[in-house]
Amino acid sequence: MADETPDIDSIYHYTQEEVTPPCGALLKGLTPLHVILFVATLLTTLLAGMLQKDINPLDEPWRFYEGLPFALTLLTILMVHELAHYYSSIRHHTAATLPYFIPAPLSPIGTFGAFIKMKSPIRTRTALMDIGASGPIAGFIISIVAVVGGLFYSEIGLVNNKMGMVLGDSLLFSLLTKLIVGTPPQGYDVMLSPVAFAGWLGFFVTSLNLIPIGQLDGGHIMYAFAGGSNIWISRVLVVCLALMGIEYWNGWLFWAALMVVLGLRHPPVIFNEIPLEPSRKKMAAISLAIFIVTFVPMPFRIME
């Protein structure tokens, strides 16, 4: 009887094979829960957009359309990010759900983001790299479009003496602001349009996802690149987040604690012995560059 055990080469070619799903297959997993959560998140982000423009939705509900630029821009960034994950998962024979959006009625931005749920193990490091990096890269591209377009409708205004929240600038956002809006004089600041603010949030969400810890997108990328040694990187970075929480922004303390609770160790892929394709190392470098230019040590501070 012939030996039916496949050799490593046949396993390699099978696991590396990518498929292009038809458009109908992409919507096959749509459920009522997906629709309900998306509509709820649309409403909460629309409400947030109205409140940002000092519109009382109870007194002037007909002005809802003024909240649409912020809501639709932010939801587009989140949707593109998650659909890129989903599409990459299907291409690499990994079952995944369509995006679940999380509404946040009491949040100033109206949402806690979105996520997809993986329903089968990831086969190879190359597949893990594609799945992990595709979302942040796609979302980053849409965020750049939002920031650039939104900054053209932003303006420099006088800073009043009232208490308020000031946004921190990443390297890229600061550069784009200076090129498009200019440098505000002393006592003035850039007043972001709703679209530019949504783009800023897109940069911020992208940088959070690209932190190379645990099962964040950055953790997927790091495991695909470095294998099991990524656990030490995760541990060091959690300590760094905690120190940044003490020095810069208290939110990093919460983020560090959340990473520990969710787990720092990344589950192995099925065929861990198959090395990462050399071409995917460029994807890791691009992801690292995006992380560097979008990261903000102090995202928010209170002006008194």
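Look a little higher up for the structure.
All values reported here derive from a predicted model rather than from experimental measurement.

A. Spatial organisation of the side chain of S193. The topology assignment puts S193 in the loop between β5 (188-191) and α7 (194-209). A residue is classified by how much of its surface remains accessible, and S193, at 8% relative accessible area, is buried.

B. Structural detail: a nonpolar patch on the surface. A contiguous nonpolar surface patch, about 340 Å² in accessible area, is contributed by L30, V35, V39 and L43. Looking at the secondary structure, you find V39 in helix α3 (residues 32-52).

C. Focus on helix α8 (residues 217-226). Most of α8 is tucked away, with eight of its 10 residues classed as buried. Three or more residues of α8 are buried, namely D217, G218, G219, H220, I221, M222, Y223 and A224. Positive phi appears at G227, one or two residues downstream of α8, with a value of about 70°.

D. Structural view of the pattern of salt bridges. If you walk through the whole model with that rule in mind, you get four salt bridges. The shortest N-O distance in the salt bridge between E66 and R63 comes to 2.8 Å. Note that D130 and R280 form a salt bridge whose closest N and O atoms lie 2.6 Å from each other. One end of the pair, D130, is in helix α5 (residues 125-151); the other, R280, is in helix α11 (residues 280-294), with 150 residues separating them in the sequence. As far as the burial class goes, D130 and R280 line up, both buried.

E. Representation of the packing of α5 against α11. Contact geometry for α5 and α11: axes closest at 10 Å, N-to-C directions at 35°. In terms of crossing hand, the pair formed by α5 and α11 is left-handed. Along the contact surface, α5 presents T126, M129, D130, A133, I137 and F140, while α11 presents R280, M283, A284, I286, S287, I290 and T294. Split into classes, the residues belonging to the contact of α5 with α11 amount to eight nonpolar, three polar and two charged.

F. Quick look at the nonpolar core. I211, W252 and W255 are the most contacted members of the largest nonpolar core, which has 49 residues in total. Here W255 is in contact with L208, I211, L216 and L241, once residues within four sequence places are set aside.

G. Structural context of α11. When the terminal C-alpha atoms of α11 are compared, their 21 Å separation across 15 residues agrees well with the 21 Å that a helix rising 1.5 Å per residue should span. Those residues of α11 lying buried are R280, A284, S287, I290, F291 and T294. Viewed end-on, α11 has its buried residues packed into an arc of 125°, placing them on one side of the element. Exposed residues lying more than 90 degrees from the buried face of α11 are K282 and L288.

Reading the values: rules and limits
- Residues numbered from 1 in each chain as written.
- Predicted model: local features only at pLDDT ≥ 70, side-chain atom pairs only at ≥ 80, totals over all residues.
- Heavy atoms only, no water.
- Helix = DSSP H or I, 4+ residues; strand = E, 2+ residues; numbered from the N terminus.
- Buried < 20%, exposed > 50% of the residue type's maximum accessible area, 1.4 Å probe, protein only.
- Patch = residues over 30% accessible without salt bridge, like charges linked within 9 Å, V, L, I, M, F, W, Y side chains within 5 Å.
- Areas by Shrake-Rupley, 256 points an atom, 1.4 Å probe, with all protein chains shown as cover.
- Salt bridge = Lys/Arg side-chain N within 4 Å of Asp/Glu carboxyl O.
- Axes fitted to C-alpha atoms, helices over the stretch in contact; angles between N-to-C directions.
- Left-handed = near helix turned anticlockwise from the far one by under 90°.
- Contact = heavy atoms within 4.5 Å.
- Nonpolar A, V, L, I, M, F, W, Y, C, P; charged D, E, K, R; others polar.
- Core = buried A, V, L, I, M, F, W, Y, C linked by side-chain atoms within 4.5 Å.
- Expected span 1.5 Å × (residues − 1).
- Arc of directions from axis to C-beta.

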